[in-house]
Amino acid sequence: MSFQEHMLAKNPVFGLGLGILPILALSYRFDTASITGLISLLLVLLGKGTLRMMKDAFPSPILRYVRMMVLTFWIALTEIIIEAYLPQVRDSLGIYLPLLAVNTFLLEAILPVDQVDQNEWCGSLLLGLGYFCTIGFVGAFREILSSGTITLLTLPGWTLKYTILNKPLLPIRFFALPAGGLILYGYLKAGFRWMAIRMSRVRKGEES
Amino acid sequence: MSYIGLLFTFLFAQNVMLYYFLGIDSVEDMKDHLSRFLIQEGVALIGVCSFSAVLIRTIHLFILIPLGLTYLQTVTAVLIILTTGKITDSILNRLGISLNVFRLMANSLVFGISLLAVHGKYSLGESVIAGLSAGLGYLFAVYLLEVLQEQFKREWIPRCLQGVPIVAVSAGLIAMAFFAIDAALLKRIFG
């Protein structure tokens, strides 16, 4: 399977349907979306490492509860650090930062593999990067559509923002709303599916 | 806000699934057995939601704030949800009902409504009603989507849009309709 096919068919959000909540709730601006993606990537690596070390200490029936607690521990630590150094980021993420503890993508991504696999870390990193790229892409697309700008970074008293859509092209504010997010997600998922089908057809044609 | 106002807010104006997107991750898992979900898991979900919301709010209000331990809010909330889930599991087992309780605990609706109760500074009574109405709002949204899905089986839909994409687009349109019921208007009507 090529890299493009991997990104389309096995995309954590549009292919596997994982971690939809932050995609819908936090993708109204590129900076919040990309920060969520970055935190998720970090949590995948930290959670995976911790769970790998603790795997043999717990019997498998309670491992799923441990998985949730490990994620919660790292999220609580992230919350404390973000609140101390980047309070405006904490405000923009709101209740959705602690909610990462029950994120289906993170719970799946940190799941340890039974056999020791050399590519396990590489797989987790790719999955985390896939999620980061997807949420970043949706965030950029939604912000450009809804306000015509792209906000790269927000620090206290300083914002790095570029205007993309100028007159006569006008942004559609509706896409910043929850309803707009759902509609955009539906069409993006359909688009990803169309590309995956098209790519597999091309591959089959080349093989035959 | 009054209890009725809160109920209508979480049912329509700020429906937990269509406005806050809480529990939206779990919809895909349960679509094959939705009628069973609505009866059994739905009732359990409402119970867990209300109970954990009031418990988390109580602990936040009477233990974490006075001791200055608010940074432990997330850890405490998840521990409470896990405990509530286990209690629900044992109650359901005694009643002879077997459910995947971990799916209930990992549902973002349970944790999300507790966080909304804490952030919204709800009273204990309001937390119970918030949990109850959030569960009802969630079931209402899931039911609407199920009805739509049944309708879509009889219509021609392009292959790429079949399944989740068309449901998401429809959910967006329902959310837009609910958006017309303004929270401020409800507050004015119900106090």
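These numbers were taken from a predicted model, which means no experiment stands behind them. (Residues numbered from 1 in each chain as written. Chains lettered and ligands numbered in written order. Predicted model: local features only at pLDDT ≥ 70, side-chain atom pairs only at ≥ 80, totals over all residues. Heavy atoms only, no water.)

S.K.: It is not clear to me how the overall build of chain A should be interpreted in this structure. Could you clarify?
M.R.: When you go through chain A residue by residue, the secondary structure sums to eight helices and two strands. Reading the secondary structure of chain A in the N-to-C direction produces α-α-α-α-α-α-α-β-β-α. Radius of gyration (C-alpha) of chain A: 19 Å, near the 17 Å computed for a compact globule of 208 residues. By principal-axis analysis of the C-alpha atoms, chain A measures approximately 60 × 60 × 25 Å. Relative to its 208 residues, chain A shows a buried fraction of 49%. In chain A, 72% of the contacts between residues at least 6 apart in sequence involve partners at least 24 apart. Put simply, chain A shows about 10400 Å² of open surface, and 66% of that area lies on carbon and sulfur atoms. (Helix = DSSP H or I, 4+ residues; strand = E, 2+ residues; numbered from the N terminus. Rg over C-alpha atoms; globule rule 2.2 N^0.38 Å. Buried < 20%, exposed > 50% of the residue type's maximum accessible area, 1.4 Å probe, protein only. Contact = heavy atoms within 4.5 Å. Areas by Shrake-Rupley, 256 points an atom, 1.4 Å probe, with all protein chains shown as cover.)

S.K.: What am I meant to see in the environment of Pro12 of chain A here?
M.R.: Residues and elements named next belong to chain A. Tracing the backbone through its elements, the reader meets Pro12 in the loop between helix H1 (3-9) and helix H2 (20-25). A residue is classified by how much of its surface remains accessible, and Pro12, at 4% relative accessible area, is buried. Each C-alpha atom, one on Pro12 and one on Phe132, is 9.9 Å from the other, the two residues being 120 residues apart in sequence.

S.K.: Explain the side chain of Gln14 of chain B to me, please; I cannot follow it from the model alone.
M.R.: Take Gln14 of chain B: it is sitting in the loop between helix H1 (3-13) and helix H2 (27-30). In this structure the side chain of Gln14 of chain B is engaged in a polar contact, spanning 2.9 Å, whose partner is the side chain of Tyr20 of chain B. (Polar contact = N/O pair within 3.5 Å; in protein donor to acceptor, adjacent residues only side chain to side chain.)

S.K.: Sorry if this is basic, but what is going on with the interface of chain B and chain A here?
M.R.: In this complex, chain B contributes 39 residues to the contact, which on the side of chain A involves 39 residues. Summed over both sides, the interface of chain B with chain A buries roughly 3500 Å², with 77% coming from carbon and sulfur. Of all residues in chain B, the largest losses of buried area upon contact with chain A belong to Phe21, Asp25 and Phe102 of chain B, amounting jointly to 20% of the total for that side. Our enumeration of links across chain B and chain A arrives at zero salt bridges. Sorting the residues of the side of chain B that touches chain A by element identifies helix H4 (73-94), helix H5 (101-105), helix H6 (108-119) and helix H8 (164-179) of chain B as the ones contributing at least two each. (Buried area = accessible area lost by both parts, 1.4 Å probe. Salt bridge = Lys/Arg side-chain N within 4 Å of Asp/Glu carboxyl O.)

S.K.: Mind showing me how you'd approach helix H7 (residues 120-147) of chain A here?
M.R.: Residue pairs spaced three or four apart in an α-helix point in one direction, given the helix's 3.6 residues per turn. With 28 residues, H7 of chain A ought to run about 40 Å at 1.5 Å a step, and its terminal C-alpha atoms sit 40 Å apart, in line with that. A positive backbone phi angle near 75° is found at Gly148 of chain A, which sits one or two residues after H7 of chain A. (Expected span 1.5 Å × (residues − 1).)

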